[in-house]
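Observations on chain architecture
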Amino acid sequence: MKPIFGRGPSLPIRLALAVVAALALIVADSRYHSFTEVKLYLNSLVSPLQYMANSPRILLDSASTQLMSRKALLTQSQRMEQELFLLRDDLLRLRHLEQENQRLRDLLGSPVRYDTRRMVAEIMAVDTDPFSHQVVIDKGSLQGVFEGQPVLNEQGVVGQIVSVGKTTSRVLLITDISHGIPVRVARNDIRAIASGSGQLDRLLLHNITRNTDIREGDVLLSSGLAGRFPEGYPVGRVSRVGYEEGQPFADIRVQPFAALDRVRYLLLLWPEARVIDVDGPASPTEESRS
């Protein structure tokens, strides 16, 4: 029985024929450029397949680049946030130091007689007793502080020293109910005693008759009487002058110039007679130069 389809050439012959045909096509293309147009069409047909085959690599490269860029941006953002936080902290400290420096400049530039010794002190503690207006400062007998010493700040009179330790002292504020300071009205030199009211924002003038020429807005200065406070330092401003029927004296209230609830730095004064060198005796002139 014969097969329907006859058997063709053997495999070796087929391979040989294919090789010969391939070599002929290569020679024809390289020598005579016979297949230039054919290759152009074939490239056009194959190019979409090449793009499709290459697209996963492009996507992966793009994703990798974006991830790296995102990571770099996140890292840079975190670093900049940390730097911004540090800069804000430095700015806050700078503002604090600037304010503190200005307070000290104002304090040292207050109207103090330059023939007296002076020293800046800082408040360490505030008395918690609501009926006692006292603060503790960081200067004591080792620095020459003495009882009765006048204490000021850049705004005006604050109080006086009532007790002295080796390195700390206690200051009685002018608003304490037990404190009184001789004052005079800057406008007309009327003299009075400004007493503490027990409130940090108020002083009282007692025993002032109704016909005394004291008005709201008058500025009170230390009079220098009794030798405790130097003359001419601002104490407060008259905030109220009231009269009640049947009362022989006026109700006069004074707003202290010094904000006693916010003071931090104080200025200690040494009258000329009390100026001494803590390391040994010295003349007032020598001490004031130091």
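Describing the overall build of the protein chain
Summing up its helical and strand segments, the protein chain has three helices and twelve strands in all. Going through the 290 residues of the protein chain one by one, you find that 30% of them count as buried. Partitioning the contacts of the protein chain with sequence separation of at least 6, the portion at a separation of at least 24 is 58%. Carbon and sulfur atoms make up 58% of the accessible area of the protein chain, which amounts to about 19600 Å² in all.

A few points about unusual backbone geometry
Residues other than glycine seldom take positive phi values, yet Asp 189 does so here, at roughly 65°. Topologically, Asp 189 is positioned in the loop between strand 6 (180-185) and strand 7 (191-196). We classify Asp 189 as partly exposed; its relative accessible area is 43%. Phi at Ala 226 is positive, roughly 75°, even though this residue is not glycine.

Describing the sheet that holds strand 6
Read around the closed barrel, six strands run 6-7-8-11-10-9, paired in antiparallel fashion. Across the sheet, the mean angle from the axis of one strand to that of its neighbour is 40°, orientation sign disregarded. Here strand 7 pairs with strand 8 (residues 203-205) via three bridges, running antiparallel. By the bridge assignment for strand 8, Gly 196 is matched with Leu 203.

Quick look at the confidence of the model for the protein chain
Regions with low pLDDT carry predicted coordinates that are not meant to be interpreted in detail. Overall, the prediction assigns the protein chain a mean pLDDT of 81, with 80% of residues at 70 or greater. When the criterion is pLDDT under 50, residues 276-290 qualifies, and its contacts beyond four places in sequence or with other chains add up to 15 contacts.

Regarding the side chain of Ser 222
Considering the arrangement of structural elements, one finds Ser 222 in strand 9 (residues 219-222). Ser 222 gets classed as buried once you look at its relative accessible area, which sits at 0%. For Ser 222, the contacting residues outside a window of four places in its chain are Ile 181, Pro 182, Val 183, Arg 184, Phe 229, Pro 230, Glu 231, Gly 232, Tyr 233 and Val 235.

Considerations on the sheet that holds strand 2 (residues 134-137)
Taken in spatial order, the six strands close into a barrel running 1-2-5-4-3-12, and their pairing is antiparallel. Averaged over all pairs of adjacent strands, the angle between their axes in this sheet comes to 45°, without regard to strand direction. As defined by bridge partners, strand 1 (residues 117-126) adjoins strand 2 across three bridges and the pair is classed as antiparallel. Residue Val 126 lies in a different strand from strand 2, and its bridge partner there is Val 135.

Describing the nonpolar core
Leu 205 and Leu 266 are the most contacted members of the largest nonpolar core, which totals 43 residues. Per element, the largest residue contribution to this core is six residues, and it comes from strand 12 (residues 265-270). Apart from the residues within four sequence positions on either side, Leu 205 is in contact with Val 183, Ala 192, Ile 193, Ala 194, Ile 214, Leu 220, Ala 250, Ile 252 and Val 254.

Some details on the environment of Val 185
Checked against the element boundaries, Val 185 lands in strand 6. The spacing of Val 185 and Leu 221 is 36 residues in sequence and 6.4 Å in space, taken between C-alpha atoms. Not counting the four nearest positions on each side in its chain, Val 185 is found in contact with Ile 190, Ile 214, Asp 218, Val 219 and Leu 220.

Scoring rules and cut-offs
- Residues numbered from 1 in each chain as written.
- Predicted model: local features only at pLDDT ≥ 70, side-chain atom pairs only at ≥ 80, totals over all residues.
- Heavy atoms only, no water.
- Helix = DSSP H or I, 4+ residues; strand = E, 2+ residues; numbered from the N terminus.
- Buried < 20%, exposed > 50% of the residue type's maximum accessible area, 1.4 Å probe, protein only.
- Contact = heavy atoms within 4.5 Å.
- Areas by Shrake-Rupley, 256 points an atom, 1.4 Å probe, with all protein chains shown as cover.
- Pairing = 2+ DSSP bridges.
- Axes fitted to C-alpha atoms, helices over the stretch in contact; angles between N-to-C directions.
- pLDDT = per-residue confidence, 0-100.
- Core = buried A, V, L, I, M, F, W, Y, C linked by side-chain atoms within 4.5 Å.

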